[in-house]
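Residue-level structure breakdown
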Amino acid sequence: MSLQNQAKLSDSDSNPSDAAHFNSGSRNSLDLVDILSVVDETAYTWNLETGRIQWESNARTVLNLQGDEVIDTADAYQSLIAAEHLHRHSNLLAEARTKFAEGGQADAKKGVAYRAQYRIQTGTRGGTKDIWLEDHGRWWPAIGDEAEHARGVIRVINENYW
């Protein structure tokens, strides 16, 4: 499931000429993928039952994936995470599940918030690049026909990491 790339105006919001300008790709349009790219961010949806991760179309660029790295599963994405930071990523969901079980900050409708910072390594053996990321989003338990899942945003924080 990809984010909606263009925000749409309803008929009641403006006249047709305004809508044409809005969707023309001007700097005032709400092309969400373009906005995420400008600020070095990408979004994802993660089905925890299957392990599949669906990324926004700018993910490979934001994460500096230039080779044949595959990131469509949790295992594949975790293979990019620096060994000393794997626990940071794996603890994200464990902490969210605990919060939900304890009833604090738990909301089956809004999900449970999570946030972590970690380093990934991209590239080939001869030329790897370290990228610091902040991963934040919300986790939902399996309810009814809906699988356990998480949705989030990853942003590059190389300059801001402390």
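Description of the structure in this document. Quick caveat, the model's predicted, so the values are computed rather than measured.

In this model, helix H5 (residues 86-102) (17 residues) spans 25 Å end to end at C-alpha, consistent with the 24 Å of a helix rising 1.5 Å per residue. Along H5, the largest kink reaches about 30° and is centred on Leu92. Burial in H5 covers these residues: His89, Leu92, Leu93 and Ala96. Once H5 finishes, Gly103 follows within two positions and takes phi at roughly 80°, a positive value.

Time to look at unusual backbone geometry. Phi at Asp40 takes a positive value of approximately 55°, unusual for a residue other than glycine. Turning to its location among the elements, Asp40 is positioned in the loop between helix H2 (32-38) and strand S1 (41-47). On the accessibility criterion, Asp40 (38% relative accessible area) is partly exposed. We note that Asn64 has phi near 60°; this positive angle belongs to a residue other than glycine. Along the chain, Asn64 falls in the loop between helix H3 (59-62) and helix H4 (74-78). A relative accessible area of 19% places Asn64 in the buried class.

Glancing now at the pattern of salt bridges. In total, this model carries six salt bridges according to the counting rule given. Taking the shortest distance from any N to any O, the salt bridge between Arg119 and Asp130 comes out at 3.2 Å. Residue Arg119 is found in strand S3 (residues 112-124), and its partner Asp130 is found in strand S4 (residues 127-140); the two are separated by eleven residues along the sequence. Bridged by salt links that share partners, the residues Glu84, Arg119 and Asp130 form one connected network.

A few words now on a nonpolar patch on the surface. On the surface, Leu30, Leu32 and Ile35 cluster together to form a nonpolar patch covering roughly 220 Å² of accessible area. With respect to the helices, strands and loops of the structure, Leu30 is situated in the loop between helix H1 (16-22) and H2. The partly exposed category is assigned to Leu30, whose relative accessible area is 38%.

So, how was this worked out
- Residues numbered from 1 in each chain as written.
- Predicted model: local features only at pLDDT ≥ 70, side-chain atom pairs only at ≥ 80, totals over all residues.
- Heavy atoms only, no water.
- Helix = DSSP H or I, 4+ residues; strand = E, 2+ residues; numbered from the N terminus.
- Expected span 1.5 Å × (residues − 1).
- Bend = angle between axes of the 7 residues up to and from the residue.
- Buried < 20%, exposed > 50% of the residue type's maximum accessible area, 1.4 Å probe, protein only.
- Salt bridge = Lys/Arg side-chain N within 4 Å of Asp/Glu carboxyl O.
- Patch = residues over 30% accessible without salt bridge, like charges linked within 9 Å, V, L, I, M, F, W, Y side chains within 5 Å.
- Areas by Shrake-Rupley, 256 points an atom, 1.4 Å probe, with all protein chains shown as cover.

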